[in-house]
Structure formats: C-alpha cells, structure tokens
Amino acid sequence: MSGPSDYQPTNPALKWIERRLPIMGLMHSSFVAYPTPRNLNYWWTFGAILSMMLGVQILTGVILAMHYTPNADTAFRSVESIMRDVNYGWLLRNLHASGASMFFVAVYIHMFRGVYYGSYKEPREILWILGVIIYLLMMATGFMGYVLPWGQMSFWGATVITNLFSAVPYFGESIVTLLWGGYSVGNPMLNRFFSLHYLLPFLITGVVVLHVWALHVSGQNNPAGVEPKTEKDTVPFTPYATIKDAFGVSCFMLFFAWFIFYMPNYLGDADNYIPANPGVTPAHIVPEWYYLPFYAILRSIPNKLAGVTAMFAAILVLAFLPWLDTAKTKSSKYRPLAKQFFWIFVVVCVLLGYLGAQPPEGIYVIAGRILTFCYFAYFLILLPLLSRIEKPRPIPNSIADDVLAKTASKTAPMVSAVIMLAVAGALFAGSTQNARAEEQETPPSQKWSFAGPVGKFDRGSLQRGLKVYKEVCSACHALSYVAFRNLADPGGPGYSEGQASAFAAEYKIKDGPNDQGEMFDRPGRPADYFPSPFPNEQAARAANGGALPPDLSLITKARSYERGFPKFVFDFFTQFQEQGPNYVDAMLQGFEEKPPAGVTLPEGSYYNKYFPGHAIKMPKPLSDGQVTFDDGSPGTVAQYARDVTTFLTWTAEPHMEARKKMGLQVFVFLILFTGLLYFTKKKVWADAH
Amino acid sequence: MLWPFISQMNPDASTIAAGAPIEVDLAPIAEGQDIKVFWRGKPIYISHRTKKQIDEAREVPVSSLPDPQSDEARVKEGHDQWLVVIGICTHLGCIPIAHEGTYDGFFCPCHGSQYDSSGRIRQGPAPANLTVPPYQFVSDSKIQIG
C-alpha cells in the first residue's frame, strides 16, 4: 500500500538529510499520505490508544525505576516512599499501575474488534500473529510488574504462577529452581523480574514496529471487510485518521484519568498493601483482573498438567485463528450466525473472568468447566463449522458503497454494542472486588469527609485521631511509614513545623553508634519516623499472645470487604472506595463481651463482630472517657474510632487531597480538549462523507 | 557457550550454603502440637501426632488414595508420632494450614486441597502428597533436616 514516497522537502538542509536517510519520506508515507479506508469506525482508534499507552507505561516506568529498589527487604518501602516522598510520585505510580489495567482494557477491545471484523484473515495472518505475540509479552510484563511492589499478593501471585512450570514433566522442578534462583520465591527472583520487567516493554516496542509495518503492507481492514479498490475508498491518514485517533485517545484519557485520580485502588487488591510474608498465604489468591479468564480455565481442570496446558492453549489458540475460521466473508456484519456467536463468546470470556475471582468451590467449579468448554468450542468446533454451513449476507461492492448506504440509514446496533461492552467491562473490572467469600457481616457504610471527588480530611478529626493513636494504639501498633515532619505537610493534620518539631521532641529515638561505638537515645527530630513499640516481629508476637499487631500506616488500604454484585459496578460511578475506613471503624466498635451462643473462642481471643473469623487477639482497645480531647469533642468510643480511622486514612495516603485536587483540574482540561477535538474532527471529516 | 548464560540463573553459592542442613529440637513440642520451621525458605511442619491421628492415617486403605503411599513410608520407623513434611501445597505452592480440613491434617486455602494427618492428598486439585524432606533423627528428641 505504502509505496515509495513522493515526499520532497523544499528546505535545503532537510533535502540534504533526506538524500542520505529518507526518514521524513518514510514518516510521510506511513503517517501522512498513507491511505486509510474511509469507513473505519471508532473501534479502529484503539491502535492509536495502545501506542499511546505503551508510551505512557515506558515513560512512567523508566522514572519509577529511578526511585525503586529491587530488593526483597526494601522494595515495599521504596514503593511507599514513591507514594509519600517523591514529588508527584503518587501520580507517576498511579499512572503506571492503572495504566497497566488500561493497557489491557484497550488491548482486549482491540482484539475483540479484530475477531468481530475478521481482521486476521488473508492477507493479514502475520499481522494477527504478531499481535498475539505482543499480547503474550504484555501478559509476562504485567505479571512481573505486579510482583515488584512485593506485597502479599505480589509474592503469592508469583508463587502460584512460577509453580505452574512445575507441571512440566521431568524438568518441572529444575525449571522452577532456575526461575527462582533459589529454593523458594525470594530476593534473586525479585531482582531478575525487575530486570526483565524493564526489558520486555522494549521488546514489545520492537514487535509493535513489526506489527505496524505488517499493517502498512497489507493495509487496514475495515468494517465492511472489502479491500479498498479505488481512490474513492480511502482517505489520507493525515488529517482524517490523525484527528479521529486524537479524539479517541482523548476520550480514553478521560476514562484513564477517572482511575488515576479518583479510583486508584479500584482494580487492585487490598492484600498488596501488606508486605510480602513467606509464612502466611492470603486466604484467597487472585491474579490481576486481566488474567482472570485464564486463571478460571486453569482451575476448572482437576489435573495439574492438563490445567496448565489448557491455560496456555487458551492463549495460543488465538494464533491459529486465521486457519480455524476459513469463511470468505471477513466482517461479522454480514455473517448473521457468526455475529451472534461472537457476542456469546464475549459473554463467555467475561463470565470466565468473573469465575476466576471466585473461590474454587461448588457451583463455581461446574460453571467454570462448562464455560471452559464453551471457550474452546468457539475456536475449535464452532468457527470451522460456521465457515462451512453459514450463508453470509451479500457484502457491498466497495467501501464507497458501504459509506453511502450507511449515511442513508444510521445504524442503531452500535449503541447496543457500546452498552454491552460497558456492562461487560464493569463486570470484568469489578470481579476482583468480589474476591473474598466469607459469610461476614459487612461493616456499615459511614459518611466520611474525605469521600467523593472533592473530599477533604477534617483537620480536627485528624488531630484527635493522632491523639488516640498516640495514647492508645501506639502501645502495640507501629506507624513506621509516617515521619513527624509529615504532621506539618499540606493536606495533613494542619500542624505548623514548630508544632511538629515539638511533637517529635517528646519521643525518644534510638540513634548511634556514637564515637564509643554505643547506641544512645536522643529526642526525636521532624525527620524521624514514629518509633515502633517492639524492636522486632518476634518480640511483638511474644508480647501479644503469638499474634502480630499490624503496622497501622497502611491499614485502611490493606483492609477491605466484599461489596458483591451489582454494588461494585455502582461503586465505579459513585467513586466508593471507603471499604478500609468503614472496616477499621466498625472493627474498633465491634467488640462484644460474650460471643453469641454456639461460638467458642480460642484462649486469649476476643469476640469481634467484624473481624474475619471473629476471634481477634486484640482486647477491646477503646472505652469511653479514655482519651480527653482539647476541643471538647465527646469522649465516646464511636468518636475515638471515627477520629483514629480518619487519621489512619490520612497516614495510608497523605497526598489524597492533592490527588483529588489535581483530578479536578485534569478533568476540566480534558473535557474541554476532547470537545474541541470532536468539533475539529467533524469539520475535517465534513467533506469526506 | 550458552550454558553460562543459563547457569547463572540457578541458585548462587551463598544461597546453596544457606540451604545447609539444620537441626531441630523436638523436646518442646507437646503431643497434638506442631511447629513450623523454615529450611531453604520453605516452611516445614513438624507435627507431634496423637494416637488418634496415627490410627486415622493407618486405617485408610492405601489403594484408595490419589497418591498411594502408606503412613509407615512417610515417617521414620520407631518415631511414628513425628510427621515432618514440607508445608507447600503440591498444587501451586501455597502454604496449607495445619489442623484444618476434614481429614485432621492440612487444608490449603488457595484452591481447597485437603491433606490427611499423614500429609497425603485426599481431596482437591493437588496431584501429590506433601513432600517429606530429607531428614534423620540424630537423637530421640532431635532431628536434622537436609
């Protein structure tokens, strides 16, 4: 399609370069003069969106790598310091973490579009296979990236996935040892995953170049599925496709920004805010949402080797699609049966994703098996069969004909398709939220001043909460990610720097060694972190009946509960993300003197209505009148719980106010920008229709 | 020429050295209790089994098990009350919880595998019994793992 360019620069300097390296000619023929079918719809803008996402991921990733330390002892803390101390570090990390999910959202839409319109068919087989390779590389990159923060889900996800290779007959164990560089998941593996996570995106970029090259050789497919024949069928890439893509990218940025600024943890797992612990397995290990359908396939097969094989086969089968579906008609628009089965297939994938997040018991296992069968049946039975028995509707003679027919009657099916995809996306995304399956009374939803798009912390409450922490919680619980200087930070409890210094000076901090080689105590300084009540984990356990009082810095992000369907879908729109605060508040007030009849507690445990499993080792920590507030607020348990929860929500995310404030600015800008792009696009395309 | 590039991925010298055998004193473990020690980064359960647990493990017909192995083959002769297993689920490597599940043994919270009081797989997706690490008794109340 893109033959030798007729591009001739007029500037003599550019001419000089062009004669030696015709790079401008290449750019011109690929991205300016390149003919694109004139009937492309918005599903075709996802190629541009994906290129943009790759750029965002590489840029933010390279920057994050400048602040991250790939060491099992310090990785978790370095991620927290990015979130707390690095200028705009919270923004960069949110961009990168949500960006990974957005990358997959876009790639799944891009792939489904390819399947629907038969974009893998002759002459685009290699183009399609390159796409499958990119997808595989993306999955590997995404998985390794998720391991880097070294939280509980990082660690155990890595354990489960690397153990998949132990299913290989004979060499399994040696392969796994080779991957680990040790006898278990640990520091050597974290190091090599970091190295590979940095490398793979550049490999992806390389394959993307091949992918685009192959695309520009065979030309783009289009909704009609007929190849362009005359000039009338195409429009030049610039300005037509460029402006349309820019508008698509801008719309996608709006969706992306919703996650970055308002729902940064919606797609994540609360367990990953608990540092990795090789001795404790989380009750329910779930991979990131984009792997869930394949995880469901893995689990639905009772035999280990067969399960692993099926999981990889589910991805590899995509590469054979051009030869499984031999129908001559490309676009499903003209294939009445294929069209219906395509949508059924989409639903099957979404449901598999949902099941992947459920515990593997009872009905879920059976449903998983049925859907796994449906998944493979679509590729291996249905598509080959359909291409033999289906009678396609007549396809238009040319793209120009298709465009003319369309302007005559605006089609409605697009709307239903959008709605369906939106529902599917929401279901899919939210299914991670459904991870925990325990018959547990859910904590009541409280009204928090920091909830919602313009939420702010109540300064008084933060100050009272600090007092409750200092006088009660700090006897057992550390707050080791918070420094005294943070008390004077904007968006925090609102103390002055002098007040923070004075507060710090009340603490004794161990320092040293001095010139005599001995450790000594000195008054705290603003740069010091809150000292921990116990010198190490063993001492903490010994003093607390074997249980470890968790560090409270991140507690409101590290605790969550199931919201259930369909609540988690609404949560996306209402920006509900206060599970952590609701839980902590309810748990502090959920102690009961006597367990209900029929419940026996282990020795040294107390009954708590909201604690998972109900038997908690912490005795009722708060009682009325325990702490006296200077501002005259009531000294009740409810008030203490509320204040300390507000305080701990701030310690979990000290830059929350900055995040929401910037979110508002970004949204105002993006909405205006998108609107402008829309009208520009309309103007540009006015003469093309 | 390729080998150095692959071999470097295997455990390095310090990792291998840190994986040397360890000795564990069994005296403080009361009957019915168990402890978890780490060897080569892997959790190892050492259970002091009750008479009931031993009987349960031995009454089951071996041929009915998914991974047939007698209880006698999984403990050291003369030390029948001591079960030493690597606490890593043979399915996908989670850590099973001791004293849970319907077989008085171990229960894996990840994918629901259940092991009996001999650490043998009884129910669930795991393909094999919990591995018995190499160990021997250096005295009646002390073992060496590795």
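So, a few notes on the structure that sits alongside this text. (Residues numbered from 1 in each chain as written. Chains lettered and ligands numbered in written order. Predicted model: local features only at pLDDT ≥ 70, side-chain atom pairs only at ≥ 80, totals over all residues. Heavy atoms only, no water.)

## Describing the overall build of chain A
Then, number 1: In terms of helices and strands, chain A carries 25 helices and seven strands.
Then, number 2: Here chain A has a C-alpha radius of gyration of 29 Å; the compact-globule value for 689 residues is 26 Å, and the two agree.
Then, number 3: Overall size of chain A, expressed as C-alpha extent along the three principal axes, is 85 × 65 × 50 Å.
Then, number 4: Per-residue burial for chain A yields a buried fraction of 53% across its 689 residues. (Helix = DSSP H or I, 4+ residues; strand = E, 2+ residues; numbered from the N terminus. Rg over C-alpha atoms; globule rule 2.2 N^0.38 Å. Buried < 20%, exposed > 50% of the residue type's maximum accessible area, 1.4 Å probe, protein only.)

## Digging into the overall build of chain B
Then, number 1: Each helix and strand in chain B was counted, giving four helices and ten strands.
Then, number 2: When the helices and strands of chain B are read in sequence order from the N terminus, they spell out α-α-β-β-β-α-α-β-β-β-β-β-β-β.
Then, number 3: Dimensions of chain B, computed from C-alpha atoms along their principal axes, come out at roughly 55 × 35 × 25 Å.
Then, number 4: Long-range pairs, those at least 24 residues apart, make up 51% of the contacts in chain B with a sequence separation of at least 6. (Contact = heavy atoms within 4.5 Å.)

## Considering the packing of helix 11 (residues 292–300) of chain A against helix 12 (residues 304–316) of chain A
Residues and elements named next belong to chain A.
Then, number 1: The interhelical angle for the contact between helix 11 and helix 12, taken along N-to-C directions, is 150°, at an axis separation of 7 Å. When you trace helix 11 past helix 12, the crossing you get is right-handed. For the pair helix 11 and helix 12, contact is made by Phe 294, Ile 297 and Leu 298 and by Gly 307, Val 308, Ala 310, Met 311, Ala 314 and Ile 315, respectively.
Then, number 2: Considering only residue class, the contact of helix 11 with helix 12 consists of eight nonpolar, one polar and no charged. (Axes fitted to C-alpha atoms, helices over the stretch in contact; angles between N-to-C directions. Left-handed = near helix turned anticlockwise from the far one by under 90°. Nonpolar A, V, L, I, M, F, W, Y, C, P; charged D, E, K, R; others polar.)

## With respect to the packing of aromatic side chains
Then, number 1: The final tally for this structure, using the stated rule, is 64 aromatic pairs over all chains.
Then, number 2: Ring geometry for Phe669(A) and Phe673(A): centres 5.6 Å apart, planes at 10°, overall stacked. You can see Phe669(A) and its partner Phe673(A) sitting in helix 25 (residues 656–685), four residues apart, about one turn around the helix.
Then, number 3: On the basis of relative accessibility, which here comes to 51%, the residue Phe669(A) falls in the exposed class.
Then, number 4: Arranged with centres 5.3 Å apart and planes meeting at 45°, the rings of Tyr45(B) and Phe106(B) form a pair that is tilted. Here Tyr45(B), found in strand 3 (residues 42–48), pairs with Phe106(B), found in strand 6 (residues 105–107); they are 61 residues apart in sequence, far enough to count as distant.
Then, number 5: When its relative accessible area of 2% is taken as the criterion, Phe106(B) is described as buried.
Then, number 6: For Arg40(B), the ring lying beneath its charged end belongs to Tyr183(A), and the centroid distance is 4.0 Å. (Phe/Tyr/Trp six-rings, centres within 6.5 Å; stacked < 30°, edge-to-face > 60°. Lys NZ or Arg CZ within 6 Å of the ring centre and 35° of its normal.)

## Details of the nonpolar core
All names here are of chain A.
Then, number 1: Counting residues in each nonpolar core, the largest one holds 141 residues, and the members touching the most others are Phe 104, Tyr 108, Tyr 135, Phe 294, Tyr 375 and Phe 379.
Then, number 2: For this core, the element with the most residues is helix 5 (residues 89–116), which contributes 17 residues.
Then, number 3: Setting aside residues up to four positions removed in sequence, Tyr 108 forms contacts with Tyr 135, Trp 289, Tyr 290 and Phe 294.
Then, number 4: Membership of the second largest hydrophobic core comes to 42 residues, among which are Ala 500, Leu 552, Ile 555 and Val 627. (Core = buried A, V, L, I, M, F, W, Y, C linked by side-chain atoms within 4.5 Å.)

## Thoughts on the pattern of salt bridges
Then, number 1: One pass over the full model with this rule turns up 30 salt bridges over all chains.
Then, number 2: Put simply, Arg335(A) and Glu390(A) hold a salt bridge, and the shortest N to O gap is 2.8 Å. Separated by 55 residues along the polypeptide, Arg335(A) in the loop between helix 13 (321–324) and helix 14 (336–356) and Glu390(A) in the loop between helix 15 (362–389) and helix 16 (399–408) bring together distant segments of the chain.
Then, number 3: For Arg541(A), the salt bridge is made with Glu537(A), and the minimal N-O distance between the two is 2.9 Å. Residue Arg541(A) and its partner Glu537(A) are located together in helix 20 (residues 537–543), separated by four residues, close to a single helical turn.
Then, number 4: Given a relative accessible area of 28%, Arg541(A) falls into the partly exposed group.
Then, number 5: When its relative accessible area of 37% is taken as the criterion, Glu537(A) is described as partly exposed.
Then, number 6: Several salt bridges converge on common partners, so that one network encompasses Arg49(B), Arg58(B), Asp71(B), Glu72(B) and Asp80(B). (Salt bridge = Lys/Arg side-chain N within 4 Å of Asp/Glu carboxyl O.)

## Details of the interface of chain B and chain A
Then, number 1: If you look at the interface, chain B gives 25 residues, while chain A gives 25 residues.
Then, number 2: Interface area for chain B against chain A, summed over the two sides, is near 2000 Å², with a carbon-plus-sulfur share of 63%.
Then, number 3: When the buried area of chain B at its contact with chain A is split by residue, Met9(B), Leu92(B) and His111(B) rank highest and sum to 30% of it.
Then, number 4: Summed over the shared surface of chain B and chain A, the number is zero salt bridges.
Then, number 5: Summed over the shared surface of chain B and chain A, the number is three residue pairs in polar contact (both at pLDDT 80 or more).
Then, number 6: Secondary-structure elements contributing two or more residues to the side of chain B that touches chain A are helix 2 (13–18) and strand 2 (34–39) of chain B.
Then, number 7: Among the residues making up the side of chain B that touches chain A, the classes are represented as twelve nonpolar, nine polar and four charged. (Buried area = accessible area lost by both parts, 1.4 Å probe. Polar contact = N/O pair within 3.5 Å; in protein donor to acceptor, adjacent residues only side chain to side chain.)

## Let's talk about helix 3 (residues 51–59) of chain B
All names here are of chain B.
Then, number 1: Buried within helix 3 are the following residues: Gln 53, Ile 54 and Ala 57. Projected down its long axis, helix 3 shows its buried positions confined to an angular sector of 100°, all on one face. Turned more than 90 degrees away from the buried face of helix 3 sit Lys 51, Lys 52 and Glu 59, all of them exposed.
Then, number 2: On its buried side, helix 3 packs onto strand 3, helix 4 (71–74) and strand 5 (97–100). (Arc of directions from axis to C-beta.)

## A closer look at unusual backbone geometry
Both trends apply: most residues other than glycine have a negative phi, and most peptide bonds are in trans.
Residue and element names in this part refer to chain A.
Then, number 1: In the segment running from Glu 122 into Pro 123, the intervening peptide bond is cis, with an omega of 5°.
Then, number 2: Take Pro 123: it is sitting in the loop between helix 5 and helix 6 (125–147).
Then, number 3: A cis amide bond links Thr 238 with the next residue in sequence, Pro 239, at an omega value of 10°.
Then, number 4: Tracing the sequence through the fold places Pro 239 in helix 10 (residues 237–262).
Then, number 5: Despite not being glycine, Gln 575 has its phi angle at roughly 60°, a positive value.

## Quick look at the sheet that holds strand 9 (residues 135–139) of chain B
Each strand in a sheet pairs with another by means of backbone hydrogen bonds, the pair being arranged parallel or else antiparallel.
Residue and element names in this part refer to chain B.
Then, number 1: Overall, antiparallel pairing links the three strands, which are arranged 1-10-9 in an open sheet. With partners counted over all chains shown, the strands left at the sheet margins are strand 1 (22–25) and strand 9, one partner each. With direction set aside, neighbouring strand axes in the sheet form an average angle of 30°.
Then, number 2: Sheet topology note: the strand 1/strand 10 (residues 142–145) ladder contains four bridges and is antiparallel. Across the sheet, the residue bridging to Val 24 is Ile 143, located in strand 10. (Pairing = 2+ DSSP bridges.)

## Concerning the sheet that holds strand 6 of chain B
Then, number 1: Taken in spatial order, the four strands line up as 5-6-7-8 (chain B) in an open sheet, and their pairing is antiparallel. For this open sheet the edge positions go to strand 5 and strand 8 (121–123) of chain B, each flanked by a neighbour on one side alone.

## Description of a nonpolar patch on the surface
Residue and element names in this part refer to chain A.
Then, number 1: A cluster of nonpolar side chains, contributed by Leu 14, Trp 16, Ile 17, Leu 21, Ile 23, Leu 26, Met 27, Phe 31 and Val 32, occupies part of the molecular surface with about 800 Å² of accessible area.
Then, number 2: The dominant element in the nonpolar patch, judged by the number of residues it contributes, is helix 2 (residues 23–31), at four residues.
Then, number 3: Here Val 32 falls in the partly exposed class, since its relative accessible area comes to 32%. (Patch = residues over 30% accessible without salt bridge, like charges linked within 9 Å, V, L, I, M, F, W, Y side chains within 5 Å. Areas by Shrake-Rupley, 256 points an atom, 1.4 Å probe, with all protein chains shown as cover.)

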